[in-house]
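# Secondary and tertiary structure notes
One-letter residues, chain by chain:
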Amino acid sequence: ELRHIEKVDRYALSNCVNLKEVTFNDEAIFIGEHLFTGCTNLTKVHLPETLKSIPINCFKNCTSLKEINFPESLSEINDGAFDGCSLLDVPAFPKDLIKIGRYAFCDNKTIHNLILPRGLKDFDNGAFYGCDIEHISVDPNNKWYSDMGSDIITYLDLDNHRHLLLGCKNSLIPEGIEIIDRCA
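Since the model is a prediction, treat every value here as computed from it, not as a measurement.

What counts and how
- Residues numbered from 1 in each chain as written.
- Predicted model: local features only at pLDDT ≥ 70, side-chain atom pairs only at ≥ 80, totals over all residues.
- Heavy atoms only, no water.
- Helix = DSSP H or I, 4+ residues; strand = E, 2+ residues; numbered from the N terminus.
- Rg over C-alpha atoms; globule rule 2.2 N^0.38 Å.
- Buried < 20%, exposed > 50% of the residue type's maximum accessible area, 1.4 Å probe, protein only.
- Pairing = 2+ DSSP bridges.
- Phe/Tyr/Trp six-rings, centres within 6.5 Å; stacked < 30°, edge-to-face > 60°.

Another aspect to go through is the overall build of the chain. Within the chain, the secondary structure is distributed over zero helices and 15 strands. Taken over C-alpha atoms, the radius of gyration comes to 17 Å for the chain, in line with the 16 Å a tight globule of 184 residues would show. Reported as C-alpha extents along the three principal axes, the dimensions of the chain are approximately 55 × 25 × 20 Å. Out of the 184 residues belonging to the chain, those deemed buried represent 46%.

And the structure:
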């Protein structure tokens, strides 16, 4: 348990292969990039309720990580945050999450159902690259993205072109799609 710690800087605990479980107290307001990168035996993390951002590559290649909480205060999951965490049981996203970065959950084989929250407006289509997603939906109150059926996420650009942003492994491309984005 990390008691009375407000800031843990980048790389501070990377490659600590004996680390198995981490609990932050609610005084922690900042955790650094690559903080747990390569902690291959880390299985469980309790993030502080005050945390606003999971930084770049924070849990990259934590191949044993299975359990984590996403506090309601969380607004950003940055690039590669959980890249290579193939066993992670991803909890529901906070309703006001704004950003999911590039390759944030790359190669996670346990994500089968994905629900994007109402607040999401910065979503990189490579965020779930290599995942085995079977069902996708978007909160109906989301202003930026929409779902088509149960397996396609789209958005409309400023020129009124409908983009295919993310599909499931068995998706059929629907009518009206004009642009297929990378990693879709």
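Taken together, three strands build an open sheet; the order of strands is β2-β4-β6 and the sheet is parallel. Every other strand in the sheet has two partners, leaving β2 (21-23) and β6 (67-68) as the edge strands with one partner each. Sheet topology places β2 next to strand β4 (residues 44-46); three bridges connect them, and they run parallel. Following the sheet pairing, E21 is matched in β4 by K44.

Let us look at the packing of aromatic side chains. The description of two aromatic rings rests on the distance between their centres and on the angle between their planes. All chains considered together, the criterion is met by 11 aromatic pairs. Ring geometry for F24 against F36: centres 6.3 Å apart, planes inclined by 80 degrees, an arrangement best described as edge-to-face. Taken together, the positions of F24 in the loop between β2 and β3 (30-31) and F36 in the loop between β3 and β4 put the pair 12 residues apart, joining distant regions of the chain. The same class applies to F24 as to F36, namely buried. Summarising the aromatic geometry, the rings of F123 and F128 are spaced 6.0 Å apart at their centres and angled 35 degrees between planes, so their arrangement reads as tilted.

Next up on the list: the sheet that holds strand β5 (residues 53-54). The strand order β5-β7-β8-β10 describes an open sheet built from four strands, whose pairing is parallel. Bordering the open sheet on either side are β5 and β10 (122-123), each of which pairs with just one other strand. When β5 meets strand β7 (residues 76-77), the two strands line up parallel, connected through two bridges. Of the residues in β7, the one forming a bridge with I54 is I77.

Now for unusual backbone geometry. Phi at N15 is positive, roughly 60 degrees, even though this residue is not glycine. In this fold, N15 is placed in the loop between β1 (7-8) and β2. Looking at N15, the relative accessible area reads 53%, which means it is exposed. Of note, H34 is a non-glycine position whose phi angle comes to about 60 degrees, a positive value. By the secondary structure assignment, H34 is in the loop between β3 and β4. Residue classification places H34 among the buried residues on the basis of a relative accessible area of 16%.

Functional significance is not addressed by these values, which are geometric in nature.
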